Amino acid sequence: MNAPIALVTGAARGLGREVARRLAEEGYTVLAGVRDPSKMKSLPGVEILPLDVTDETAILAAADAVKRRYGRLDVLVNNAGILLDEEMGLMDVPPDVLRRSLEANAIGPLRVAQAFAPLMPKGGRIVNVSSGGGQLSASSTWAPAYCISKTALNAVTVQLAAALKPRGIRVNAVCPGWVRTDMGGPSAPRSLQQGADSILWLVLKAAPDLTGGFWRDGARIPW
Ligand code: NDP
């Protein structure tokens, strides 16, 4: 049987790189979506796919390249994300910061899903890497543009799950916890491995029909 094919966006560093590395170890053919391929150090079994998730032309070119080369995609991990307003309060967030956060963290994942879903077979999985910061049930005042963009990503997840259910494609959101990456910083309590485990559970271990939920460490969490 051919190896399943997985695309991980934002895979140049941090959680995306670790998820790509682990999926390759699991026997997947892994495509690492990166916006600047010159910055990505190679990983065994991982192919670099130029993909800026805010660039419409790049998204369409990437989907076309995957279609021509493999004819299908089994797993999409929408991992790419930005955090621009860690030091800002809601009353000071400039519209441009909110706009760029939404572009990268919510609209980008939706556009990537729209472009790649036609290549996904029944049983395909889309995993949206969200954040506890996007939970409406546990709102905080930290990084408001980031949190609003992750709430939007959660809404995208619910809508995508419903839209793709008839085709048997499963769509879920996941929080990796607070992880030691460039974004999470050195004081974060979780290792890269622990954060990647939370994401990979949805790809490797979750029941095949699980869809439309928000998860951390294999347990459902509130929106
Ligand atoms: P990092 O900042 O370490 O890495 C982010 C990655 O996303 C980089 O490779 C970056 O590319 C890429 N990226 C950013 N914008 C784009 C874009 N427009 N197109 C393609 N790639 C892009 O973050 P983490 O690894 O910590 O985070 C990964 C995901 O996990 C994010 O969605 C984040 O919100 C989420 N998350 C992280 C937490 C944490 O504690 N670390 C907690 C909760 C959620 P480049 O290298 O070119 O800059």
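Here we summarise the structure given alongside this text. (Residues numbered from 1 in each chain as written. Predicted model: local features only at pLDDT ≥ 70, side-chain atom pairs only at ≥ 80, totals over all residues. Heavy atoms only, no water.)

## Quick notes on the side chain of T181
Tracing the backbone through its elements, the reader meets T181 in the loop between β6 (170-174) and α5 (192-205). There is a polar contact of 3.2 Å between the side chain of T181 and the backbone nitrogen of M183. Excluding anything up to four places from it in sequence, T181 contacts G14, L15 and L192. (Helix = DSSP H or I, 4+ residues; strand = E, 2+ residues; numbered from the N terminus. Polar contact = N/O pair within 3.5 Å; in protein donor to acceptor, adjacent residues only side chain to side chain. Contact = heavy atoms within 4.5 Å.)

## Remarks on empty space enclosed by the protein
All chains considered together, the criterion is met by 1 cavity of 30 Å³ or more. Quantified by volume, the largest cavity comes out at close to 50 Å³. In terms of lining residues, the largest cavity is bounded by R125, I126, V127, R170, N172, L202, A206 and L210. Within the residue set of the lining of the largest cavity, elements represented by two or more residues are β5 (125-129) and β6. Taken together, the residues of the lining of the largest cavity sort by class into 5 nonpolar, 1 polar and 2 charged. (1 Å grid on protein atoms, 1.4 Å probe; cavity = no way out; pocket = protein on both sides within 12 Å on 5 of 7 lines; lining within 4 Å. Points joined across faces, edges and corners; volume = space filled by probe spheres on them. Nonpolar A, V, L, I, M, F, W, Y, C, P; charged D, E, K, R; others polar.)

## So, the sheet that holds strand β4 (residues 75-78)
Spatially, 8 strands are ordered β3-β2-β1-β4-β5-β6-β7-β8 in an open sheet, and the strand pairing comes out mixed. Because the sheet does not close on itself, it has two edges, and the strands there are β3 (46-50) and β8 (219-220). Pairing geometry for strand β1 (residues 5-9) and β4, over 3 bridges, is parallel. Directly across from A6, in β4, lies its bridge partner V75. Against the sheet, helix α1 (residues 14-25) makes contact with β1, β2 (29-34), β3 and β4, and its axis sits at roughly 170° relative to β1, the strand it touches most. (Pairing = 2+ DSSP bridges. Axes fitted to C-alpha atoms, helices over the stretch in contact; angles between N-to-C directions.)

## Some words on the packing of aromatic side chains
Using the criterion set out here, one finds 3 aromatic pairs in the structure. Here the aromatic rings of W142 and Y146 are separated by 5.7 Å at their centres, their planes lie at 75°, and the arrangement is edge-to-face. Residue W142 is classed as partly exposed on the basis of its relative accessible area, which comes to 37%. By relative accessible area, Y146 is classed as buried at 7%. Relative to W223, the ring of F214 lies with its centre 5.3 Å away and its plane at 15°, an arrangement referred to as stacked. (Phe/Tyr/Trp six-rings, centres within 6.5 Å; stacked < 30°, edge-to-face > 60°. Buried < 20%, exposed > 50% of the residue type's maximum accessible area, 1.4 Å probe, protein only.)

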